[in-house]
Amino acid sequence: MTAMERTETTPPGVAIQEDEHWWFATRTWAIEKWLGRPAPHSGLEILDVGCGAGNMIHHLGDYGHVRGIEVDARPVKIAQSRGYDVQQVDATRGMPFADATFDLVTALDVVEHVDDDGAMLREARRVLKPNGRLLITTPAFQWLWSYNDELNAHKRRYTARELNRRLEQAGLRVRRTSYNFFLVFPLAAGMILLRNRTQRRVELSSHHFQADAYQVEMEPVSPLLNSLLRGVGRVEAQLISAVNLPFGTSLISLSEK
């Protein structure tokens, strides 16, 4: 049973609603496919960079002991209240860990937020053990830039080639990079371009602009549509486990030291 399918064993206070949203579910299933089934008692040392309130830590915990770092103090307090080992740290200014500490580092929709993505990637490499892995997800294609990127305080979106180049410049060996959200791409890209053209904006709260918010709201979808899109996400997870997908609204990449 995957972490996504757990209910009773999920730690109290974890954002179950977020787990159930089709976008987060699709991303998590892809991550789990790329990391593979957790080996019994694998006990990996894992660092989740930009972990927010720790909403992925209970998934990554299937693979070993997880620590997190996050630049924003508000979600750090929430993560700590959930019992997670999370510190407030700016990953681009140095991580408070010794060289070669971790078997796996994740940066899930993080690199697009930082001014110096190279500095963050070099720090991730430094704290990885030899042959340790770095797993990244990030938005794809600058031409898909939208109001949602502004809400999330993004600095950029990437192509697969650009992301691979940054990883290689940081001294990492790229094992796989694929686009994600491939099956919904025609609909999603069309909607983004139409909204950009008509300047239609969905008003959502964002912790980047509102002090009383601690995360960016996801655009709501009906239960029926959410269920349908989760089904599409499961199909895509099977695809992405076998082949790299040629386009999508996001990227997923696995590299090693």
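The structure displayed is predicted, hence computed values, not measured ones.

## Here's the deal with the environment of Pro220
Argument step 1. Looking at where Pro220 falls in the secondary structure, it is placed in the loop between helix 8 (185-198) and helix 9 (223-242).
Argument step 2. Counting along the chain gives 199 residues from Pro220 to His21, while the straight-line C-alpha distance between them is 8.7 Å.

## Topic: the pairing of strand 4 (residues 102-108)
Argument step 1. Counted residue by residue, strand 4 has six buried out of seven residues, so it is predominantly covered.
Argument step 2. Here six bridges tie strand 4 to strand 5 (residues 128-139), and the two strands are oriented parallel to one another. Its bridge partner lying in strand 5, Phe102 is registered against Leu128.
Argument step 3. In the classification by handedness, the crossover that spans strand 4, the intervening helix 5 (residues 117-127) and the parallel strand 5 is right-handed.

## Section: the packing of aromatic side chains
Argument step 1. Inspection of the entire model under this criterion finds 10 aromatic pairs.
Argument step 2. Judged by centre distance (5.0 Å) and plane angle (85°), the ring pair of Phe97 and Phe102 falls under edge-to-face. Each member of the pair, Phe97 together with Phe102, is buried.
Argument step 3. The interplanar angle of 55° and the centroid separation of 5.1 Å between the aromatic rings of Phe185 and Phe247 together place this pair among those described as tilted. One end of the pair, Phe185, is in helix 8; the other, Phe247, is in the loop between helix 9 and strand 7 (250-256), and 62 residues separate them in sequence.
Argument step 4. Residue classification places Phe185 among the buried residues on the basis of a relative accessible area of 10%.
Argument step 5. On the basis of relative accessibility, which here comes to 32%, the residue Phe247 falls in the partly exposed class.
Argument step 6. By way of ring pairs, the aromatic residues Phe141, Trp143, Tyr179, Phe182, Phe185 and Phe247 are connected into one cluster.

## Concerning the nonpolar core
Argument step 1. Ranked by size, the top nonpolar core spans 33 residues in total, and within it Leu47, Val49, Met95, Val105 and Leu134 carry the most contacts.
Argument step 2. Of the residues forming this core, the biggest block, four residues, is contributed by helix 5.
Argument step 3. Once you skip the residues sitting within four places of it in the chain, Leu134 turns out to touch Val105, Leu121, Ala124, Leu128, Leu167, Leu172, Ser253, Leu254 and Ser255.
Argument step 4. By size, the runner-up hydrophobic cluster in this structure holds 23 residues, among which are Ala30, Leu60, Val66 and Leu104.

## Examining helix 5
Because each turn of an α-helix spans 3.6 residues, side chains separated by three or four positions in sequence point in the same direction.
Argument step 1. The element helix 5 is largely enclosed, with a buried count of eight among its 11 residues.
Argument step 2. Every buried residue of helix 5 is accounted for by Asp117, Gly118, Ala119, Met120, Leu121, Glu123, Ala124 and Val127.
Argument step 3. Close packing links the buried residues of helix 5 with strand 1 (44-49), strand 4, strand 5 and helix 7 (160-169).
Argument step 4. Its side-chain oxygen at 3.3 Å from the backbone nitrogen of Gly118, Asp116 defines the N-terminal cap of helix 5.

## Some details on the sheet that holds strand 7
Argument step 1. Across the sheet, seven strands lie side by side as 3-2-1-4-5-7-6; this open sheet has mixed pairing. On the outer flanks of this sheet lie strand 3 (85-88) and strand 6 (173-180), each paired with one strand and no other. On average, adjacent strands in this sheet sit at an angle of 15° to one another, irrespective of strand direction.
Argument step 2. Bridge count between strand 2 (residues 64-70) and strand 3: four bridges; the pairing is parallel. Residue pairing across strands places Gly68 opposite Val86, the latter belonging to strand 3.
Argument step 3. On the sheet, helix 2 (residues 22-35) packs against strand 4, strand 5, strand 6 and strand 7 and is oriented at approximately 155° with respect to strand 5.

## Let's talk about helix 2
Argument step 1. Here helix 2 is 14 residues long and its end C-alpha atoms lie 20 Å apart, about the 20 Å a rise of 1.5 Å per residue gives.
Argument step 2. Residue Gly36 follows helix 2 closely and has a positive phi angle near 80°.

Criteria and thresholds
- Residue numbering note: each chain is counted from 1, following its sequence as written.
- Selection of residues for local features in this predicted model requires a pLDDT of at least 70, selection of side-chain atom pairs for listing and counting requires 80 or more, and totals for whole chains, interfaces and linings are taken over all residues.
- Side-chain measures were taken over the full set of non-hydrogen atoms in the model, leaving aside hydrogen atoms and water.
- Numbering goes from the N terminus for both helices and strands, where a helix is a DSSP run of H or I of at least four residues and a strand is a run of E of at least two.
- Throughout, exposure labels follow a simple rule: accessible area from a 1.4 Å probe, protein chains only, divided by the maximum for the residue type, with under 20% read as buried, over 50% as exposed, and the rest as partly exposed.
- Any two strands are treated as partners once DSSP identifies two or more bridges connecting them.
- Orient the strands so they point away from the viewer; a crossover is then right-handed if the path from the first strand over the helix to the second runs clockwise.
- Only Phe, Tyr and Trp rings are paired, with Trp represented by its six-membered ring, and only when their centres lie within 6.5 Å; those with planes under 30 degrees apart are stacked, over 60 edge-to-face, the remainder tilted.
- Take the buried Ala, Val, Leu, Ile, Met, Phe, Trp, Tyr and Cys residues and link them wherever side-chain atoms come within 4.5 Å; each set so joined is a nonpolar core.
- Contacts between residues were defined by any pair of non-hydrogen atoms, one from each residue, lying within 4.5 Å.
- Counted as a polar contact is a pair of N or O atoms within 3.5 Å, where, for protein atoms, one must be capable of donating a hydrogen and the other of accepting one, and residues adjacent in sequence contribute only when both atoms are in side chains.
- Working convention: axes come from line fits to C-alpha atoms, limited for helices to the stretch in contact. Angles between N-to-C directions cover 0 to 180 degrees.
- Expected helix span is taken as 1.5 Å per residue step, with the number of steps being one fewer than the number of residues.

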